[in-house]
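Chain by chain, the residues run as shown.
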Amino acid sequence: MRWIPPKKLKVLTIMFLGTGAWGIIAGTLLVKPQVFVLELFGVINLCLGGFVGYRYFTQGPKPESLSKKRKK
């Protein structure tokens with residue numbers, strides 16, 4: 001995978017985790033049979049937030065080849 005700016009990864013992590021938590025909370029508070037899909041999407045968003053957070057913490061520093069390409 002290519003290098004992604006850390007600020008973008010932070011924003012994506014917060015967005016995924018926030019919407020995932022909101023989806024699970026809203027899905028458990030509403031007592032309708034169709035709300036299971038809302039909880040499912042909440043769990044999927046939590047998983048995506050975890051993956052993006054993992055990418056943020058394990059990503060190394062910016063490679064030199066990227067900065068050289070942009071200077072030209």
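Residues numbered from 1 in each chain as written. Predicted model: local features only at pLDDT ≥ 70, side-chain atom pairs only at ≥ 80, totals over all residues. Heavy atoms only, no water.

S.K.: I'd love a proper account of the overall build of the protein, names of residues and values included.
M.R.: On a plain count of helices and strands, the protein comes out with three helices and zero strands. Listed N to C, the secondary structure of the protein is α-α-α in terms of helices and strands. Burial status across the protein gives 19% buried among its 72 residues. Taking the intrachain contacts of the protein between residues at least 6 apart in sequence as the baseline, contacts between residues at least 24 apart amount to 69%. On the protein, roughly 5,900 Å² of surface is accessible, and the fraction owed to carbon and sulfur atoms is 71%. (Helix = DSSP H or I, 4+ residues; strand = E, 2+ residues; numbered from the N terminus. Buried < 20%, exposed > 50% of the residue type's maximum accessible area, 1.4 Å probe, protein only. Contact = heavy atoms within 4.5 Å. Areas by Shrake-Rupley, 256 points an atom, 1.4 Å probe, with all protein chains shown as cover.)

S.K.: How would you sum up the packing of aromatic side chains? Please name residues and give values.
M.R.: For the coordinates displayed, the defined rule picks out one aromatic pair. A ring pair is formed by Tyr56 and Phe57, whose centres lie 5.1 Å apart and whose planes are at 65°; its orientation type is edge-to-face. (Phe/Tyr/Trp six-rings, centres within 6.5 Å; stacked < 30°, edge-to-face > 60°.)

S.K.: Tell me what's going on with the packing of helix H1 (residues 6-29) against helix H2 (residues 36-58), and back it up with residues and numbers.
M.R.: Between H1 and H2, whose axes approach to 7 Å, the crossing angle comes to 155°. On the basis of their axis angle, the class for H1 and H2 is roughly antiparallel. Crossing handedness for the pair H1 and H2: left-handed. Residue composition of the contact of H1 with H2, grouped by class: 15 nonpolar, eleven polar and three charged. (Axes fitted to C-alpha atoms, helices over the stretch in contact; angles between N-to-C directions. Parallel < 35°, antiparallel > 145°, perpendicular 65-115°, else oblique. Left-handed = near helix turned anticlockwise from the far one by under 90°. Nonpolar A, V, L, I, M, F, W, Y, C, P; charged D, E, K, R; others polar.)

S.K.: Tell me about the environment of Ala26, and please be specific about residues and values.
M.R.: Its location among the elements puts Ala26 in helix H1. With relative accessibility at 15%, the residue Ala26 sits in the buried group. Put simply, Ala26 and Leu38 are twelve residues apart on the chain and 7.6 Å apart in space, counted from C-alpha to C-alpha. Setting aside residues no more than four positions away along its own chain, Ala26 makes contact with Val35 and Leu38.

So far we have only geometry, and geometry alone does not tell us how the molecule works.
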